[in-house]
Amino acid sequence: MQSSFKPSRRALLGTLGVTAASAALPVSLFAQAEKSGPTTSTVADRDRRMKWWHEARFGMFVHFGLYSVLGRHEWAMEEEGIPVAEYQQLAKAFNPKPFAARAWAKLAKQAGMKYMVMTTKHHEGFCNFDTKLTNYCAPKQAAGRDLVREYYEAARSEGMHVGFYYSLMDWHHPDGARCATDEAARRRFVDYIHGQVRELCTNYGKLDILWYDVAWPLSAEQWESVKMNKMVRQLQPDILINNRAKIPEDFTTPEQHIQAFQEPWEACMTMNDSWGYQAADDDWKSPKTIVRNLVTCARGYGNYLLNIGPKGDGSIPDESTEILTNVGRWMDRHAPVIHEAELCKVRSSQLANFTRNGNKLYIHVHFWPGQTVSIGGLTNKVLSAKLYPDGKPVTFHQEEFRVQFMGLPAISPDPLVTVLEVECDGEPNQDMLNIRKNRKREGVGI
Ligand code: GLC
């Protein structure tokens, strides 16, 4: 399979260092997906199908299931060794308030997100959707209705693209583990999984994303992933499929960290440390960290899928609402810079991060230094500078190794991240080594 990127992007990867807000992370210089086996899409078709997704850039992940009632993380069933017979009693208690998903979709829109991905079935095996293949599903248990349909309709009514998360691993299905060692069990289980994927791709109208998760304990061949995804594409010709059914497909999915890949990528991350609702998890990221992560994704031409874990009644934890409301205020003013960002070569600053659109460089200052912001190593001539989005002109002074933007307010104009828009005479680039090697050293002794 070929890369969908033009050579300039390919060449660029060598200079594309991407950091999360909290730590410096390595860059992947290899096209992992392109080397790891068959896929069911062509590159040309992928470019067409993925256009909206690249522009969307920011999405909401929703982890919702029986674990939301427990409030101790979606892995509680396994990590606490809860017997299946005991755990499944939760299905009698899981009855979220009607149309809880409307508040999720409203919040997503308010935060500047353009798509959503909700768990239709997580590892616990409980299906939030109507399925003919098991009674262990919301419509046939306490909820008495199809929670995926409510989500689908809520998301659509807010103009969101819609994705379904679906866990292949299943801790509840009788064949979910023995399928690895018993061929008859594998046959039954794979038929079950393919059957549910068919239901999801048939019963709701147009679906934008199929987001598989954890393919334990089978290989791609044993899952018959190629066959499954061919079926998916037949039912949903424009769908995007992630890489977690052990074949590469449309995009790759770094988890809980930000890493740029050559192929399309989406970093999925939590707002605290848990995907499913965990009442005691108070390790919340600040709105500034969320904005910084979003900027980091945009700089690397990647997407940011940010999670909420609603409570059992479907309500969103207050902390998540507050964080996303703040992020939304920032997005109200800065959204175009995020959605229209192209891959950006400029990277080095301890007080700012960068995005780019054409010859425009956007300096996202997260640690405001006061009246002067300086950037080293820019190889372009700066033509103009202004505050974004207000457009207030900013004076600047450019020397060989440094550009200084001056006369700025002493206090950061934006409480989270202030953006400067800098027009350059070409695609913005930076050469830090040039500073180290060639900055004048002679005649400056003390
Ligand atoms: C991991 C976890 C799962 C979570 C997912 C999100 O695979 O097992 O609980 O849903 O990451 O990417």
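Scroll up for the structure.
Rules used in this analysis
- Residue numbering note: each chain is counted from 1, following its sequence as written.
- Predicted model: local features are reported for residues with pLDDT of at least 70 only, side-chain atom pairs are reported and counted for 80 or more only, and whole-chain, interface and lining totals are derived from all residues.
- All residues are tested the same way: a C-beta atom is placed from the backbone, and lying within 6 Å of a molecule or strand makes the residue near it.
- Amino acids are sorted into nonpolar (Ala, Val, Leu, Ile, Met, Phe, Trp, Tyr, Cys and Pro), charged (Asp, Glu, Lys and Arg) and polar (every other residue, Gly among them).
- We define the nonpolar core as any set of buried residues of the types Ala, Val, Leu, Ile, Met, Phe, Trp, Tyr and Cys, connected via C-beta atoms lying within 7 Å of each other.
- Exposure criterion: with C-beta atoms placed from backbone coordinates, a residue whose C-beta has 20 or more other C-beta atoms within 10 Å is buried, one with 12 or fewer is exposed, and one in between is partly exposed.
- For the purposes of this entry, the term helix denotes a DSSP run of H or I that reaches at least four residues, the term strand denotes a run of E that reaches at least two, and both are numbered from the N terminus.
- What marks off one domain from the next here is an automatic or database domain assignment.
- By definition, residues are in contact whenever their C-beta atoms, placed on the basis of the backbone, come within 7 Å of each other.
- When DSSP locates at least two bridges between a pair of strands, those strands are taken to pair.
- Only the stretch in contact is used when a helix axis is fitted, and all axes are lines through C-alpha atoms; the angle between N-to-C directions ranges over 0 to 180 degrees.

By nearness alone, every residue bordering the ligand is listed as His 63, Glu 74, Trp 75, Asp 213, Val 214, Glu 255, Cys 268 and Trp 275. For the shell around the ligand, the class distribution of residues is four nonpolar, one polar and three charged.

Residues Met 116, Leu 210 and Ile 363 are the most contacted members of the largest nonpolar core, which totals 117 residues. In terms of residues, this core owes the most to one element, helix α13 (residues 318-339), which gives seven residues. Counting residues domain by domain, this core receives three or more from each of domain 1 (9-336) and domain 2 (352-437). For Met 116, the residues in contact, after removing those within four places along its chain, are Gly 59, Met 60, Val 62, Ala 105, Ala 108, Ala 155, Met 160, Val 162 and Gly 163.

A few words now on the sheet that holds strand β13 (residues 402-406). Taken in spatial order, the three strands of this open sheet run β10-β13-β12, and their pairing is antiparallel. If you trace the sheet from one side to the other, it starts and ends with β10 (373-376) and β12 (395-398), each paired once. For this sheet, the mean inter-axis angle between neighbouring strands, taken without regard to orientation, is 15 degrees. Bridge analysis of β10 against β13 gives four bridges, and the strand direction is antiparallel. Looking at β13, one finds that Gly 376 is bridged to Arg 402.

Neither face of strand β6 (residues 266-269) is open: one carries Glu 266 and Cys 268, the other Ala 267 and Met 269, and all of them are buried. Bridge count between β6 and strand β7 (residues 303-308): four bridges; the pairing is parallel. Of the residues in β7, the one forming a bridge with Cys 268 is Leu 305.

The next point concerns the sheet that holds strand β9 (residues 360-365). If you trace the four strands from one edge of the open sheet to the other, you get β8-β9-β14-β11, paired in antiparallel fashion. Lying at the two open borders of the sheet, with one neighbouring strand each, are β8 (352-357) and β11 (382-388). Looking at each pair of strands side by side, their axes are set apart by 25 degrees on average, direction ignored. Set on the sheet, helix α12 (residues 287-299) makes contact with β8 and β9; between it and β8 the angle comes to about 40 degrees.

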